[in-house]
Amino acid sequence: MQENAFAPIGELAKEIARFAPVDGCHTTQVPRLSLFRTSQATAPVHGVQHPALCIVAQGRKQVLLGEDMLTYGTGQCLVISVGVPMAGQVVEATPDAPYLCFKLELDPTMLASLIFEMRLPPVDRSREPLAIAVSEAAPSLADAALRLVRLLGAQGDIAMLAPLIEREILYRLLTGPQAGRLREIATGESRAQQVSRAIGWLQANFTEPFRAEVLATESRMSLSSLHFHFKEVTGLSPLQYQKQLRLQEARRLILAEALDAASAGHRVGYDSPSQFSREYSRLFGAPPRRDIDRLRAAPERFVEV
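Residues numbered from 1 in each chain as written. Predicted model: local features only at pLDDT ≥ 70, side-chain atom pairs only at ≥ 80, totals over all residues. Heavy atoms only, no water.

Here we look at the overall build of the chain
Phase 1: Along its length, the chain carries 12 helices and 10 strands.
Phase 2: The contacts in the chain between residues at least 6 apart in sequence include a share of 73% that link residues at least 24 apart.
Phase 3: Taken as a whole, the chain presents about 14100 Å² of accessible surface, with 52% of it coming from carbon and sulfur.
Phase 4: Taking the average place of the 33 positive charges on the side chains of the chain and the average place of its 33 negative ones, the gap between the two points comes to 2 Å. (Helix = DSSP H or I, 4+ residues; strand = E, 2+ residues; numbered from the N terminus. Contact = heavy atoms within 4.5 Å. Areas by Shrake-Rupley, 256 points an atom, 1.4 Å probe, with all protein chains shown as cover. Lys, Arg positive; Asp, Glu negative; His and termini not counted. Charge placed at Lys NZ, Arg CZ, Asp CG, Glu CD.)

Below, the structure written as structure tokens:
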């Protein structure tokens, strides 16, 4: 990274620390904007991440999607183009230098409008990129993110100025290394859109028995095309994706609604308690009871960051 690129990142870190004074996820009055802070490394946190831009202003994080692991740190950004189940873990953070992150959920409608106005050429569909990627945060992008965060100190300006800065951020992304990935979000019949339809159907029906033929019909793809492009975009097969949705919901039910493991497994579609326990342990690293005990013992280590 060029030396002058650090200036807006350093200022962004100061502003995030200002408006996120304690550890955790801080939703803000700016639509779609969240700020994250943690003063210690965290355990892996599993969840479905929606299209978003994340800029690390301080610290370092790892994310795992399928078999792909990406690490990004100060001055870098992560772009997520479709909703995918991922595991994220902060690997560098201390009380004196906490992990600080800017997260803006991406608005497909605003993206589509901007792409039309910019008269961008058709997307090259010769290869479907993975749904997540890391790149350097250009100074112009970091500066726009900084100005968006600073609006939290002038809340009367948010309604008028936040949409303009958000459009600028999307413009910077559409003219940067992530352009092709983002344009797939707003292209009507792109493979990414077809995969997004498949993802939406799985998210709405994950407790039902897996039927590849039904999913292919819903996503308007052949069976072979569905499996190939779904894995290329998400890093997971459709069945693996469904399993992760089931297990994450079961974990939530056990933790938040105090269900026992067998009841939670049945609620999300498992007929066999032993199969549920095996797959739960494989994903979360411990059987349900032990996993929930450690979550309750140290909840700050499992906060989404």
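More follows now that the structure is in view.
Thoughts on the packing of aromatic side chains
Phase 1: Applying the stated rule across the entire model yields 4 aromatic pairs.
Phase 2: Among the aromatic residues, ring-to-ring pairing joins Y270, F276, Y280 and F284 into one connected group.
Phase 3: Of note, R246 hangs over the ring of Y270, and the distance from its end group to the ring centre comes to 5.6 Å.
Phase 4: For R251, the ring lying beneath its charged end belongs to F284, and the centroid distance is 4.1 Å. (Phe/Tyr/Trp six-rings, centres within 6.5 Å; stacked < 30°, edge-to-face > 60°. Lys NZ or Arg CZ within 6 Å of the ring centre and 35° of its normal.)

What to know about helix α7 (residues 212-219)
At 3.6 residues per turn, the α-helix brings residues three or four places apart onto the same side.
Phase 1: Turning to α7, its buried residues number three or more, namely A212, L215, A216 and S219. Across the axial projection of α7, the buried residues extend over an arc of 100°, all falling on one side. When the buried face of α7 is taken as reference, the exposed residues oriented beyond 90 degrees from it are E213 and T217.
Phase 2: Residues of α7 that are buried in the fold lie against α6 (191-205), α8 (223-234) and α9 (238-256).
Phase 3: Of the residues flanking the end of α7, it is R220, one or two places downstream, whose phi is positive at about 65°. (Buried < 20%, exposed > 50% of the residue type's maximum accessible area, 1.4 Å probe, protein only. Arc of directions from axis to C-beta.)

Side note on helix α11 (residues 273-284)
Phase 1: For α11, which comprises 12 residues, the first-to-last C-alpha distance of 16 Å matches the rise-based estimate of 16 Å (1.5 Å per residue) to within 8%.
Phase 2: Buried residues of α11: F276, E279, Y280, L283 and F284, and no others. Viewed end-on, α11 has its buried residues packed into an arc of 115°, placing them on one side of the element.
Phase 3: In the core, the buried residues of α11 are packed alongside β3 (45-49), α9, α10 (261-267) and α12 (288-297). (Expected span 1.5 Å × (residues − 1).)

A few points about the side chain of Q248
Phase 1: Along the polypeptide, Q248 turns up in helix α9.
Phase 2: For Q248, a relative accessible area of 12% corresponds to the buried category.
Phase 3: Residue contacts for Q248: discarding those within four places in its chain leaves H46, G47, V48, P85 and F284.

Quick look at the sheet that holds strand β1 (residues 24-27)
Phase 1: Pairing is antiparallel across the open sheet formed by 6 strands, whose spatial order is β1-β2-β9-β4-β7-β10. This sheet does not close on itself; its edge strands, each paired only once, are β1 and β10 (132-136). Direction aside, neighbouring strands of the sheet carry axes that sit 20° apart on average.
Phase 2: Bridging between strand β7 (residues 76-80) and β10 involves 5 bridges; their strand directions are antiparallel. Its bridge partner being in β10, V79 is matched across the sheet by A133.
Phase 3: Lying on the sheet, helix α3 (residues 139-150) is in contact with β2 (33-38), β4 (52-58), β7 and β9 (99-105); it crosses β9 at an angle near 90°. (Pairing = 2+ DSSP bridges. Axes fitted to C-alpha atoms, helices over the stretch in contact; angles between N-to-C directions.)

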